[in-house]
Amino acid sequence: MAPDSARPRRRPRPAETRDGVELTNLDVPLADGPETKRELVDYLDAVADRLIPVLADRALSVVRVRPGQPPFMQKNLPTYTPDWVATTTVWAHASHREIRYALGNDRRTLLWFANQRAVEYHPALIPVGRTGPTHLILDLDPPPGAGFDVVVATAHLVRRTLDELGLAGAVKTSGSKGVHIFVPLTDDVEVEESAAATRAIAVRAAQLDPQVATTAYIVEDRAGKVFIDATRSGGATVVAAYSPRLRPGLPVSFPVSWAELDRCHPSDFTIGNAAARLGDADPWRASMPPPQRLPAELVEHGRTIPVARVAAMHEGKRRARARRAATPTPDAGPS
């Protein structure tokens, strides 16, 4: 065997540059699957003109994956972020500090994130310069082991509810197991009004078929039903349309029509085929109804429904007290 010094050394492939962004290690696997970072970069570049409009001017959180490390959600930008990345600062009440977020406003920023192995893109619901959300969002989450058919059935319950209210929404796969329904709002709707209306829509939709859907926030109370999550409001985020998800096969959160929803599955859309399926189309923009005002009666109904997280917290404490009361106290014996 030839000594190490005599062996020809493999030269690393030169980095590529797109829009002034140096792209490195493109042909290494991205995560646990066979997909490479090049495939992620190529997909995001192909859909950039459709993804950027749903990210623009919104505080952006991303899910990144590094070799040999678990995935992590990045909100605060690292110190090495290029100065041409647009940013905004948001006060984080939980950590009592300002967080510097990116704004996904252009192709160069998207390519830089892709090179950082940022797979998922989660924009804020409220854009910079606005006080209320642009959309009311319902997130449908199936129980473990359930098929996508029950999610579709629940989505149609939500659509029936919207129809009865004179509202309309667009639907997309979540890129995981569920779907997201977006109802665009006029710019005079504030956070509290949107949150109340979302709760009311969720409750009304679940009441249409209580055997299929539920609004129970506590998992053990859902009894194998699809959870209509009405908590996506205020400072929350939701994965963007066209964003990949860090799941096997790297599926994409993909817009579908209400008719297509009955014959698709979230795994149908991946970074390997989504761009080709889109062609030059932008179905998310095309399917989105005009901004709508919320019926006053709907908002008032929602205000009578407890906020899910608060109600769950109080219920959790009540159950803990009940368990402690039911547990016999050990006999200390004679003193």
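Described below are features of the structure shown in this document. Bear in mind the structure is a predicted one, so any value in this text is a computation, not a measurement. (Residues numbered from 1 in each chain as written. Predicted model: local features only at pLDDT ≥ 70, side-chain atom pairs only at ≥ 80, totals over all residues. Heavy atoms only, no water.)

## Re the pattern of salt bridges
Selection rule: The salt bridge definition used is simple: a Lys or Arg side-chain nitrogen within 4 Å of an Asp or Glu carboxyl oxygen. A run of H or I in DSSP becomes a helix once it reaches four residues, and a run of E becomes a strand once it reaches two; helices and strands are each numbered from the N terminus. Three labels apply to residues, based on accessible area from a 1.4 Å probe with only protein chains included: buried if under 20% of the type maximum, exposed if over 50%, partly exposed otherwise in between.
One pass over the full model with this rule turns up 16 salt bridges. Of the charged contacts in the structure, one is a salt bridge between Arg 247 and Glu 120, with a shortest N-O distance of 3.4 Å. Of the two residues, Arg 247 sits in the loop between β12 (226–229) and β13 (255–256) while Glu 120 sits in strand β7 (residues 118–123), which places them 127 residues apart along the sequence. Residue class for Arg 247 comes out partly exposed when judged on its relative accessible area of 32%. We note a salt bridge from Arg 232 to Asp 139, for which the minimum N-O separation is 2.8 Å. One end of the pair, Arg 232, is in the loop between β12 and β13; the other, Asp 139, is in strand β8 (residues 135–141), with 93 residues separating them in the sequence. Overall, the relative accessible area of 10% leaves Asp 139 in the buried class. Within the structure, one salt-bridge network assembled from shared partners comprises Glu 16, Arg 18, Asp 19, Asp 27, Arg 38, Asp 42, Asp 45 and Arg 107.

## Side note on the sheet that holds strand β10 (residues 179–184)
Quick note on the threshold: The pairing criterion is simple: DSSP has to find at least two bridges between the two strands. Should any heavy atoms of two residues lie within 4.5 Å, those residues are counted as being in contact. To obtain each axis, a line is fitted to C-alpha atoms, and for helices this fit is confined to the stretch in contact; angles are then taken between N-to-C directions over 0 to 180 degrees.
Pairing within the open sheet is mixed, and its 6 strands lie in the order β11-β12-β8-β10-β9-β13. In the strand order of this sheet, the two ends are held by β11 (213–214) and β13, each with one partner. Note that β8 and β12 share 3 bridges and pair antiparallel. Pairing of Asp 141 across the sheet is with Phe 227, part of β12. Running at roughly 15 degrees to β10, helix α4 (residues 148–165) makes contact with β8, β10, β11 and β12 of the sheet. Helix α5 (residues 191–208) contacts β8, β11 and β12 of the sheet and is inclined by roughly 40 degrees relative to β8.

## Description of the pairing of strand β9 (residues 170–173)
Remember that side chains alternate between the two faces of the sheet whenever the strand is regular. Residues Ala 170 and Lys 172 line one face of β9 and the alternating positions Val 171 and Thr 173 line the opposite face, and both faces are buried. Where β9 meets β10, 4 bridges bridge the pair, whose relative direction is antiparallel. When the sheet's bridge partners are listed, Thr 173 is paired in β10 with Val 179. A loop of 5 residues connects β9 with β10, the two strands running antiparallel in sequence, and Gly 175 in this loop sits at a positive phi of about 85 degrees. Direction of pairing for β9 relative to β13: antiparallel, over a ladder of 2 bridges. Residue pairing in the sheet places Val 171 in a bridge with Val 256 of β13.

## Describing the environment of Asp 19
Within the secondary structure layout, Asp 19 lies in the loop between β1 (16–18) and β2 (21–23). Exposure remark for Asp 19: the relative accessible area of 39% places this residue in the partly exposed category. Counting along the chain gives 93 residues from Asp 19 to Trp 112, while the straight-line C-alpha distance between them is 9.7 Å. For Asp 19, the residues in contact, after removing those within four places along its chain, are Arg 107, Arg 108 and Leu 111.

## Observations regarding the side chain of Thr 231
Keep this limit in mind: Polar contacts, as counted here, are pairs of nitrogen or oxygen atoms within 3.5 Å of one another; within protein the pair requires one atom able to donate a hydrogen and one able to accept it, and residues that are adjacent in sequence qualify only if both atoms are side-chain atoms.
Examined against the element boundaries, Thr 231 turns out to sit in the loop between β12 and β13. Within the structure, Thr 231 has its side chain in polar contact with the side chain of Asp 229 (distance 2.5 Å).

## As for the packing of α4 against α5
The following threshold applies: Take the far helix as your reference; a near helix turned counterclockwise from it by less than a right angle gives a left-handed crossing, and one turned clockwise gives a right-handed crossing.
One can describe the packing of α4 onto α5 by two numbers: an axis separation of 8 Å at closest approach and a directional angle of 115 degrees. Crossing hand, α4 versus α5: right-handed. Here α4 contributes Leu 157, Val 158, Arg 160, Thr 161, Leu 162 and Leu 165 to the contact with α5, which in turn contributes Ile 201, Arg 204, Ala 205 and Leu 208.

## Comments concerning the layout of surface pockets
For clarity, the cut-off: Grid points spaced at 1 Å and placed over the protein atoms alone form the basis of the search, with a cavity being a set where a 1.4 Å probe fits but cannot get out and a pocket an open set showing protein on both sides within 12 Å along at least five of seven lines. Lining residues have an atom within 4 Å of a point. Grid points are joined across faces, edges and corners, and a volume is the space filled by probe spheres set on the points. Think of it as three bins: nonpolar holds Ala, Val, Leu, Ile, Met, Phe, Trp, Tyr, Cys and Pro, charged holds Asp, Glu, Lys and Arg, and polar takes everything else, Gly as well. Where each domain begins and ends is defined by an automated method or by a domain database.
In this model, the largest pocket occupies a volume close to 590 Å³. In this structure, the largest pocket is lined by 25 residues; those nearest its centre are Val 90, Trp 91, Tyr 101, Ala 124 and Gly 235. Those elements that place two or more of their residues in the lining of the largest pocket are β3 (59–64), β5 (87–92) and β6 (97–103). It is β5 that provides the largest number of residues to the lining of the largest pocket, a total of 4 residues. Its residues assigned to classes, the lining of the largest pocket comprises 12 nonpolar, 8 polar and 5 charged. The residue makeup of the lining of the largest pocket includes at least three contributed by each of domain 1 (16–127) and domain 2 (135–266 + 279–313).

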